Amino acid sequence: DAGVIQSPRHEVTEMGQEVTLRCKPISGHNSLFWYRQTMMRGLELLIYFNNNVPIDDSGMPEDRFSAKMPNASFSTLKIQPSEPRDSAVYFCASSFGGNEKLFFGSGTQLSVL
Amino acid sequence: RKEVEQDPGPFNVPEGATVAFNCTYSNSASQSFFWYRQDCRKEPKLLMSVYSSGNEDGRFTAQLNRASQYISLLIRDSKLSDSATYLCVVKRPDQFYFGTGTSLTVIP
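Residues numbered from 1 in each chain as written. Chains lettered and ligands numbered in written order. Predicted model: local features only at pLDDT ≥ 70, side-chain atom pairs only at ≥ 80, totals over all residues. Heavy atoms only, no water.

1. Topic: the overall build of chain A
Phase 1: For chain A, the count of helices and strands is zero helices and eleven strands.
Phase 2: Compactness check: chain A gives a C-alpha radius of gyration of 13 Å against a globular reference of 13 Å for 113 residues, within 12% of the reference.
Phase 3: Expressed along its principal axes, the backbone C-alpha trace of chain A runs to roughly 40 × 25 × 25 Å.
Phase 4: In chain A, which comprises 113 residues, the proportion classed as buried is 45%.
Phase 5: Looking at chain A alone, contacts between residues at least 24 apart form 53% of all its contacts between residues at least 6 apart.
Phase 6: Total accessible area computed for chain A in this model is approximately 5700 Å², and 50% of it derives from carbon and sulfur atoms.
Phase 7: Within chain A, one finds 10 positive and 12 negative side-chain charges whose respective centroids are separated by 4 Å. (Helix = DSSP H or I, 4+ residues; strand = E, 2+ residues; numbered from the N terminus. Rg over C-alpha atoms; globule rule 2.2 N^0.38 Å. Buried < 20%, exposed > 50% of the residue type's maximum accessible area, 1.4 Å probe, protein only. Contact = heavy atoms within 4.5 Å. Areas by Shrake-Rupley, 256 points an atom, 1.4 Å probe, with all protein chains shown as cover. Lys, Arg positive; Asp, Glu negative; His and termini not counted. Charge placed at Lys NZ, Arg CZ, Asp CG, Glu CD.)

2. Brief notes about the sheet that holds strand β3 (residues 19-25) of chain B
All names here are of chain B.
Phase 1: Pairing within the open sheet is antiparallel, and its five strands lie in the order β1-β3-β8-β7-β6. For this open sheet the edge positions go to β1 (4-6) and β6 (55-57), each flanked by a neighbour on one side alone. Between one strand axis and the next, the sheet turns by 20° as a mean value, whatever way the strands run. (Pairing = 2+ DSSP bridges. Axes fitted to C-alpha atoms, helices over the stretch in contact; angles between N-to-C directions.)

3. Observations concerning the pattern of salt bridges
Phase 1: One pass over the structure, following the stated rule, counts 13 salt bridges over all chains.
Phase 2: Across the pair E62(A) and R64(A) runs a salt bridge whose closest N-O atoms are separated by 2.8 Å.
Phase 3: Here E56(B) ties to R76(B) by a salt bridge, and the two come within 3.6 Å at their closest N and O atoms. In this pair, E56(B) is assigned in strand β6 and R76(B) in the loop between β8 (70-75) and β9 (84-91), connecting sequence segments 20 residues apart. (Salt bridge = Lys/Arg side-chain N within 4 Å of Asp/Glu carboxyl O.)

4. Description of the nonpolar core
Phase 1: Counting 24 residues, the largest nonpolar core has F21(B), W35(B), I71(B), L73(B), I75(B), Y86(B) and L104(B) as the members making the most contacts within it.
Phase 2: Those elements that place two or more of their residues in this core are β3, β4 (32-38), β5 (45-50), β7 (60-65), β8, β9 and β11 (102-107) of chain B.
Phase 3: With residues near it in sequence (within four places) discarded, I71(B) still touches F21(B), N22(B), C23(B), Y25(B), F33(B), W35(B), V50(B), Q63(B), L64(B), C88(B) and V90(B).
Phase 4: L46(A), I47(A), C92(A) and L110(A) belong to the second largest nonpolar core, which has 21 residues in total. (Core = buried A, V, L, I, M, F, W, Y, C linked by side-chain atoms within 4.5 Å.)

5. A few points about the interface of chain A and chain B
Phase 1: Counting residues at the interface gives 17 residues for chain A, matched by 15 residues for chain B.
Phase 2: Together, the buried faces of chain A and chain B total about 1400 Å²; carbon and sulfur atoms form 56% of this surface.
Phase 3: Taken as a group, L43(A), E100(A) and F104(A) account for 35% of the area that chain A buries against chain B, more than any other trio of residues on that side.
Phase 4: Counting across the interface, chain A meets chain B through zero salt bridges.
Phase 5: At the boundary of chain A with chain B, the tally comes to four residue pairs in polar contact (both at pLDDT 80 or more).
Phase 6: Listing elements by their share of the side of chain A that touches chain B, those giving two or more residues are β4 (31-38), β5 (42-50) and β9 (88-95) of chain A.
Phase 7: Element by element, the count of residues in the side of chain A that touches chain B is highest for β5(A), at four residues. (Buried area = accessible area lost by both parts, 1.4 Å probe. Polar contact = N/O pair within 3.5 Å; in protein donor to acceptor, adjacent residues only side chain to side chain.)

Here's what the structure looks like:
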């Protein structure tokens, strides 16, 4: 199994630009989570989906952030417009209902200049 | 109040030492408990689940005290390869809540 796949691994952009992060969960997993990690705040849950439906997006910082899961094998996290304070590592993770193990992708290191 | 609180450390211990990490959680309805390990610039990975009766996996022992809402991880005979950040995690019911992590460096 390929595991959770995220792209890009690194993204450097200028303030005001649109950023799109991508995630392919493990095949057969029905829950998908987007986390953001910074030194100050640790791992913060942004949003999670169950069976492609957003269940809780209360962690999304503001309207500049949006996430979609058009099908069971793909999700995107979009930031528009990006700001320097969005700089962080963004992780996608998936799990299978009933199995409590959470599998993470390698993350996207985002730097907004 | 944070869902999960951990001492951030850092803990710097010599090889062979025993080290213990503690964690508290705020919501008594939390259902499942875990320790994850995160190496520098890598993704978190599950180290072990934590059960009320306590459980052991080689040199690692995890304990849960539901009454005190307290979780611990004990590492015996520390190895250089144990150097990492250890994240305390609680689940309730579909969401995973992570502590900010405790940094461990094992020194030769």
